[in-house]
Amino acid sequence: MSGEHARLAPSSAEQWGPGRCPASIQMQEKHPGDDDGEAAREGEAAHYAATEPLRGQPVGPIAPNGVPVTQEMLDHARLFHDAADGAQWVEQRLHMPMVHAECYGTPDAVRYDEAARTIEVFDYKYGHGYVDHWHSPQLLLYAIGAMARLAPHLTDWRTWSIRLTIVQPRYYGAEAPVRPCDVSGRVLAEVWLPRFREAAELALKPGTLAKTGPWCRYCSALLHCEAARKMQGAALD
C-alpha cells in the first residue's frame, strides 16, 4: 500500500470529481478523519491477500499491517485473482499530470495489450456497501494514468479501448461481484479528461462551495459542513 497520499487522489475522486463536491478536499484537510480504523486495516489486509498472488508471491498468515489473513480473505481473493490474472502492473503508482500535478494514485491491477490497444483497470473493494462501477471516477482516473504511460499523445487515445472493473466479493445484492464498464479512449480524452481538469481546478480554488450528495457519507468534514447541515435540516422537515 502507498505511503505518500496525493492531494487529488483518485481514491477520493468520488467526493471531489466531476459533478461532486469541489470543497471536499480543502474541508477534509481542515477536518481529517481516521484513515487507520478497523475497517480500513481489514481492507488493507484483504488487498494484500488479493494482490500478492498476482505478483507471484505467497500470502503469509499476517498482512504487513499486522492484521491476520483470514480464510474468508483468501477465499474472496481468488475472485480478484481470476479476474485480473495476467496483470502487468500490480499496485504500481500512476500519475495523471494532464489532470493536475497533484493527481496520482495506485490502482490494484492493470492489464494491457499494446498490440490490441486495450487496457483493463481492476479495483478490489472489500466492503459490503455497493460500489458503483459505472464510470467510476476512481477507475477513470487510473485509466487516464495508464493511457498517459502507454500512449503519451492524446491523439493516440482514440484508437484504444478501456475496461474498468470493480471486484467486490462481499456485496450480496442482485448485481454480480465482478462488474465491468467499458469506455472508449476517445470518450476518455474528449469528455472525461476535461471534466476532471475542471473538477481539479475547482477543488483547489479558494472559497469554492460545497455540494451535498451521496459522497457526503464518508466525508470526514461532514459535521463541519454548512451545506450538509442545511440538507439535513430540510430532510428532517
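See the structure above.
Residues numbered from 1 in each chain as written. Predicted model: local features only at pLDDT ≥ 70, side-chain atom pairs only at ≥ 80, totals over all residues. Heavy atoms only, no water.

1. Things to note about the packing of aromatic side chains
Put simply, the rule is: Between 30 and 60 degrees the pair is tilted, below 30 it is stacked and above 60 it is edge-to-face, where a pair is any two Phe, Tyr or Trp rings, Trp via its six-membered ring, whose centres lie within 6.5 Å. Helix and strand assignments follow DSSP, with helices taken as H or I runs no shorter than four residues and strands as E runs no shorter than two, numbered in order from the N terminus. Burial here depends on accessible area, computed with a 1.4 Å probe over protein chains only, as a share of the maximum for the residue type. Under 20% is buried, over 50% is exposed, and the range in between is partly exposed. We call a charge positioned above a ring when the Lys NZ or Arg CZ atom is no farther than 6 Å from the ring centre and deviates by at most 35 degrees from the ring normal.
The full count for this structure, using the stated rule, is 6 aromatic pairs. Geometrically, the ring pair formed by tryptophan 16 and phenylalanine 196 is edge-to-face, given 6.3 Å between the ring centres and 70 degrees between the ring planes. Of the two residues, tryptophan 16 is situated in helix α1 (residues 13-16) and phenylalanine 196 in helix α7 (residues 185-203); the sequence distance between them amounts to 180 residues. Relative accessible area serves as the criterion here: at 1%, tryptophan 16 is assigned to the buried category. Aromatic pair tryptophan 192 and phenylalanine 196: ring centres 6.2 Å apart, planes at 40 degrees, arrangement tilted. One end of the pair, tryptophan 192, and the other, phenylalanine 196, are both in helix α7, 4 residues apart, so they sit about a helical turn from each other. Taking the relative accessible area as the measure of exposure, tryptophan 192 reaches 13% and is therefore buried. We note arginine 149 situated over the ring of tryptophan 89; from NZ or CZ to the ring centre the distance is 4.6 Å.

2. So, the pattern of salt bridges
For side chains of opposite charge, pairing can occur when their charged atoms come near one another. Threshold: The rule for a salt bridge is simple: a side-chain nitrogen of Lys or Arg has to be within 4 Å of a carboxyl oxygen of Asp or Glu.
Going through the model one piece at a time under the given rule, you end up with 13 salt bridges. A salt bridge links arginine 163 to aspartate 182, with the shortest nitrogen-to-oxygen separation between them at 2.6 Å. In this pair, arginine 163 is assigned in strand β6 (residues 161-167) and aspartate 182 in strand β7 (residues 178-184), connecting sequence segments 19 residues apart. Glutamate 190 is the partner of arginine 186 in a salt bridge, and the nearest nitrogen-oxygen pair spans 3.3 Å. Residue arginine 186 and its partner glutamate 190 are located together in helix α7, separated by 4 residues, close to a single helical turn. The class for arginine 186 is partly exposed, based on a relative accessible area of 40%. On the basis of relative accessibility, which here comes to 42%, the residue glutamate 190 falls in the partly exposed class. Counted as one network, the salt bridges with shared partners bring together Glu42, Glu72 and Arg170.

3. Observations concerning the packing of helix α5 (residues 137-150) against α7
As a reminder of what qualifies: Comment: axis = line fitted to C-alpha atoms, over the contacting stretch for helices; angle = value between 0 and 180 degrees taken between N-to-C directions. Throughout, a crossing is termed right-handed when the near helix is turned clockwise from the far one, and left-handed when it is turned anticlockwise from it by less than a right angle. Contacts between residues were defined by any pair of non-hydrogen atoms, one from each residue, lying within 4.5 Å.
Interaxial distance between α5 and α7 falls to 11 Å at its minimum, and their mutual angle equals 115 degrees. Once α5 is placed against α7, the crossing between them reads as left-handed. Packed against α5, whose contacting residues are Pro137, Leu140, Leu141, Ala143, Ile144 and Met147, the element α7 presents Leu188, Trp192, Leu193 and Phe196 at the interface.

4. What about the nonpolar core?
What counts, and what does not: Residues belong to one nonpolar core when they are buried, are Ala, Val, Leu, Ile, Met, Phe, Trp, Tyr or Cys, and are joined through side-chain atoms within 4.5 Å.
Formed by 38 residues in total, the largest nonpolar core has its most connected members in Trp16, Val99, Ile119, Ile144 and Leu188. Contributions of two or more residues to this core are made by α1, β4 (109-113), β5 (118-124), α5, β6 and α7. It is α5 that provides the largest number of residues to this core, a total of 9 residues.

5. Some details on the pairing of β6
Keep this limit in mind: Only when DSSP finds a minimum of two bridges between them are two strands counted as paired.
The buried fraction of β6 is high, at 5 of 7 residues. Pairing analysis gives 7 bridges linking β5 to β6, with the strands arranged parallel. Residue pairing for β6: isoleucine 119 is matched across the bridge by isoleucine 162.

6. Quick notes on the packing of helix α3 (residues 38-51) against helix α4 (residues 71-84)
The test is simple: Any angle that falls under 35 degrees is termed roughly parallel, while one over 145 is termed roughly antiparallel, one within 65 to 115 roughly perpendicular, and all others oblique. In this count, Pro and Cys sit with the nonpolar residues alongside Ala, Val, Leu, Ile, Met, Phe, Trp and Tyr, while Asp, Glu, Lys and Arg are called charged and the others, Gly among them, polar.
The contact between α3 and α4 brings their axes to 8 Å, and the two run at 55 degrees. Put simply, α3 runs oblique to α4. Read as a crossing pair, α3 and α4 show a hand that is right-handed. Where α3 approaches α4, its residues Glu42, Ala45, Ala46, Ala49, Ala50 and Thr51 are matched on the opposing element by Met73, Leu74, Ala77 and Phe80. When grouped by side-chain class, the residues that make up the contact of α3 with α4 number 8 nonpolar, 1 polar and 1 charged.

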